[in-house]
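One-letter residues, chain by chain:
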Amino acid sequence: MAPSIRLKKPLLILNRIIGHTSAKNHITKVHLGDTEGLDSESDKKHLKAIYKKRAKKESQQEERKSLQAKKREEEERALSTEPPEIRSNYGTIDAELLPPSFLLEHLSADHIGQTISFNARLHHVRSVSSKLAFILLRQQVDTVQGVLQVREGAVSENFVRWAEHLNTECVVHVQGTVREPPEHIKTCSIHDLEIHIDSMHVLVQVEDPLAIDVYNMEQVEEKDESHETQLAVSNRVRSANRILFLRTPVMQSVFRIRSSICNIFRSTLDEQGFIEIQTPKLQPAATESGAEVFRVNYFGRNAFLAQSPQLAKQMAISSDFGRVFEIGPVFRAEDSNTHRHLTEYTGLDLEMAISKDYHEAMDVIDELLKSIFKGVYARCRKEIDNVKTKFPHEDLVWLEQTPRLTFKEGVQLLNSSGWTDDDGRPAAEDEDLGTRSEIRLGQLVKEKYGTDYFILDKFPTSARPFYTHLDPNDDTVTNSFDIFLRGQEITTGGQRINNPRLLAERMKKAGVDPDGMEEYMQAFEWGAPPHAGCGIGLERVLFLLLNLGDVRNATLFPRDPKSLPAKKPGSDKLPFPEADTVRYAFEGEHDHVHLPDLEKLIVNYGDATNTSWLDERYKVWRDTETGAAVGYAEENKYAMIMGNPLCDPRQYGIVISSFLKYLKKHEDLRPIWILASAQVEEILGAKLGWRTLTCVAEERVDVGNANRVVKKERQAKNAEVKIHETALGQPVPDDVRAKCDKRIEDWKEGRKGRKQVHITEVRPWVAMAHRRYLWAEDKNGEIVGLVILHRLSPEHGYQIKFALDFPGSPSGSIEALISRAIQSLTASGINSVTFGAGAMDELLIGSNLNGIKARLLSRTYKTVAQQLKLIAKSEFREKFGVKHDPVYICYPFMGLGVSGARTLIKFFEDEM
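Let us look at the structure shown here.

### Focus: the overall build of the protein
Then step 1. Summing up its helical and strand segments, the protein has 27 helices and 34 strands in all.
Then step 2. The burial tally for the protein puts 52% of its 912 residues in the buried class.
Then step 3. Here the contacts in the protein between residues at least 6 apart in sequence split such that 72% fall between residues at least 24 apart.

Next comes the structure, spelled out in structure tokens:
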């Protein structure tokens, strides 16, 4: 039976229900809705405010550029008037011509009277007069005062003025004489020496003045309540300006101390026969609890970022390594926004075989930590004193014999002091301690034993993971311990279960499937010796040791639940500012001559559907008020409007209103809006009362999590298929274009007589400035496949505009091409790619449709989808891991009918 006959019956039923068959014989005029209401003055005022904010920012940028140019001109003019002996003493020079830099950390009273030359950051400039300025210079943790004073034949007023106008944080080369200052210099780390500057040259320029510089970043203030010193800038400012915060001498000191801790940890264990290992951070299952684990897409399978190297450490012990340690990243998906939690931190982990008792490991760990404390205070006294100027604290106190309390003893000490939690309850012997109880226990231990450092042993079973060994005499507690520093836990350690039967039982009780951890279980089934170990949080140790106030101050680039925020749509800078429709609305010439370029509008605002407007079958209406564009095709007295308007999304209402008014006044066409986003559907459905439905979705791929088609790629490789590609806008060689054109004709010839749903013609060589091309050649040099990527808005990335598998191509060629295209986009920093719109397997009702009409439309669509095999393309795309982003078909009341349904089908269908 022919497809047209099979479709006839459902369409006839639909016709009887709705009552009209063509756009020309509607009894009632189409109801477009309140289009005037979309064009509101409040929206325009809001947009004007956005425009003013943007314009102000752009004006400031232009002003800065102008000032920079003016400064350069003034510098050149001033230099041209200087005598030769002064002209060579300042300005901008090439760093390659300079001698090695003197290190300020070596500066001492022995250098008084000597001339030194060095590179440094311009830390701060304090102008005293036209003839005198104090220049603070910085090398990592060291700061020194430079004196720039007018001197005959060496320093001119122009020289002083030039230095005063340099932006802080630029890198300069200074030559000068070391002198003893008349008084102690409080603002620098080097208090008793200064440099009388003879020459100063800029090596690395900072073009724009910084909103906050290192000098201001490290200023301190006194708390009103406690009168303690603290940094004046907030954590938010420190995070937003992380590079500058890391440049501060205090943070330079923190990271030198951090480095020393790692060095001492490594060398101490190395001396005791430990082997350093590096364990994988991708695990087949969670090691602690599923709620705290990061799940990742591992080639279409589930994997997890390691919550600790625990399992791999134990497997190494089973491999007879004896004693192992690691310094590496640890990931915890805890949504804890506190001063002591991170989602990624550095773990100092160790594991060791034991002979008799897990206290053997406790002894090693205890001595290790005390070695770290001793080493840090011996090696890093200067850095610790530097940290104390911004984060005041007393040196750590510990005892040669570390106090060791059982968990029950710790709870008793806590409760005997009268401590209760927020609900008024005392601490329980079978529950883990919280932060408040830990801190209070630390205070009580300090009062009783006079130490900031102690061990709490025999933790309850309920507070430990599945692999922790139970106490053989009391299964309510474990052979495990925590070690505390200044009242907070810095490490958890203990003995691990090495009996595979007991381990499997404990795993099942904890909700962990042993079958999903076969490799781990083998380590014990094949015989593992008794062993114990611990994991130490490096950042936790550092922030407690130095009283840094927040664990984020102990890590380079903090990762917490609020890190890596998703970019809001439209927050990206437009690739083509000259095609900014908000700006055009207030600055444009509002005519058809100087409208923003259509291709640039697609790159600024477009999605896959908008690229179809470049075909000749589409008309593009332009809004002279905003510069926006709307694409549509005329079919059977209908305007088939495709995709979203090309404009800033905040202008959708205004542009849609203008377009529908134009359509009503100048075109005798009924609108059907196709492949509209949810935002446009909201305007048409909720505000204009149109009927909406969806049976189509943008098929997007998150390039970072795209599936690989390994088997197909291997087939293409075995067939000696070679892939070539161009960068964005790079021309395709003429001979390749000619070969592609011939193969496209072969492809079309092979598809004659086949039905296919599509919305665009195969036109490979249009808008080439905004496209990337990839083609595959077989071993004979014949082109066997072509993929064309079209650039879209920053939000949507790229569209796989065409993916053509030419006749006779080796198996896997087109899959290998698409996979390569996705990998190239990933390497370019692109986050998203779409194949374009694909049919869904069923129709979903949107706004203002219900009852028998909705059910009938749904049944009719299923019939059409099956007969035309609409989802065939989607099935191919699924192998790359597409996600479906529904787009809508919208039409006004009395605006569709059977004629509209037929027109839709005809519009998408084409004989190739």
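### Points about the packing of helix H11 (residues 359-379) against helix H12 (residues 381-388)
Then step 1. At a closest axis distance of 5 Å, the pairing of H11 and H12 adopts a crossing angle of 85 degrees. In terms of axis orientation, H11 runs roughly perpendicular to H12. Contacts between H11 and H12 involve Val376, Tyr377 and Arg379 from the first element and Arg381, Glu383 and Ile384 from the second.
Then step 2. Here the residues of the contact of H11 with H12 are counted per class, giving three nonpolar, no polar and three charged.

### Topic: helix H10 (residues 310-318)
Each α-helix turn comprises 3.6 residues. Residues three or four places apart therefore point the same way.
Then step 1. Burial analysis of H10 places eight of its nine residues in the buried class, which makes it a mostly covered element.
Then step 2. Among the residues of H10, Gln310, Leu311, Ala312, Lys313, Gln314, Ala316, Ile317 and Ser318 are the ones counted as buried.
Then step 3. Next to the buried residues of H10 lie strand E13 (323-331), strand E14 (344-353), helix H16 (518-525) and strand E21 (531-537).
Then step 4. In the segment just after H10, Asp320 is the residue with positive phi, at about 70 degrees.

### As for the sheet that holds strand E12 (residues 301-305)
Then step 1. The antiparallel open sheet is built from three strands, whose spatial order is E10-E12-E11. With one partner strand each, in any of the chains shown, strand E10 (282-283) and strand E11 (295-298) form the two edges of the open sheet.
Then step 2. Both E10 and E12 contribute to a ladder of two bridges, which runs antiparallel. Its bridge partner being in E12, Gln283 is matched across the sheet by Phe304.

### Some thoughts on the packing of helix H13 (residues 407-416) against helix H14 (residues 435-449)
Then step 1. Look at H13 against H14: their axes get within 10 Å of each other, and the N-to-C directions meet at 85 degrees. Viewed along their axes, H13 and H14 adopt a mutual orientation that is roughly perpendicular. From H13, Gly410, Leu413 and Leu414 reach across to H14, where they touch Ser437, Arg440, Leu441, Leu444 and Val445.
Then step 2. Of the residues contributing to the contact of H13 with H14, the split by class is five nonpolar, two polar and one charged.

### Structural notes on the packing of aromatic side chains
Then step 1. Under the definition given, this model contains 20 aromatic pairs.
Then step 2. An angle of 55 degrees between the planes, with centres 4.7 Å apart, marks the rings of Phe407 and Phe459 as tilted. Of this pair, Phe407 sits in helix H13 while Phe459 is found in the loop between strand E16 (453-457) and strand E17 (470-471), placing the two residues 52 residues apart along the sequence.
Then step 3. Exposure remark for Phe459: the relative accessible area of 0% places this residue in the buried category.

### Concerning the pairing of strand E30 (residues 783-791)
It is a general feature of regular strands that their side chains alternate between the two faces of the sheet.
Then step 1. Within E30, eight of the nine residues are buried, leaving the element largely enclosed by the surrounding structure.
Then step 2. Strand direction decides the pairing type here: strand E29 (residues 771-777) and E30, joined by seven bridges, are antiparallel. When the sheet's bridge partners are listed, Arg772 is paired in E30 with Leu789.
Then step 3. Between E29 and E30, which pair antiparallel in sequence order, lie five residues; one of them, Gly781, sits at a positive phi of approximately 85 degrees.
Then step 4. Judged from the seven bridges that link them, E30 and strand E31 (residues 798-805) form a sheet pairing that is antiparallel.

### Quick word on the pairing of E16
Then step 1. Of all five residues making up E16, five are buried, and the element is well covered by its neighbours.
Then step 2. Two strands pair when backbone bridges link them, and strand E15 (residues 404-406) and E16 are joined in this way by three bridges, in the parallel orientation. Following the sheet pairing, Thr406 is matched in E16 by Asp457.
Then step 3. Here E16 runs beside strand E19 (residues 480-485); their pairing, made up of five bridges, is antiparallel. Looking across to E19, one finds that Asp457 is bridged to Phe481.

Cut-offs applied
- Residues numbered from 1 in each chain as written.
- Predicted model: local features only at pLDDT ≥ 70, side-chain atom pairs only at ≥ 80, totals over all residues.
- Heavy atoms only, no water.
- Helix = DSSP H or I, 4+ residues; strand = E, 2+ residues; numbered from the N terminus.
- Buried < 20%, exposed > 50% of the residue type's maximum accessible area, 1.4 Å probe, protein only.
- Contact = heavy atoms within 4.5 Å.
- Axes fitted to C-alpha atoms, helices over the stretch in contact; angles between N-to-C directions.
- Parallel < 35°, antiparallel > 145°, perpendicular 65-115°, else oblique.
- Nonpolar A, V, L, I, M, F, W, Y, C, P; charged D, E, K, R; others polar.
- Pairing = 2+ DSSP bridges.
- Phe/Tyr/Trp six-rings, centres within 6.5 Å; stacked < 30°, edge-to-face > 60°.

Function-wise, these values are silent; they only describe arrangement.
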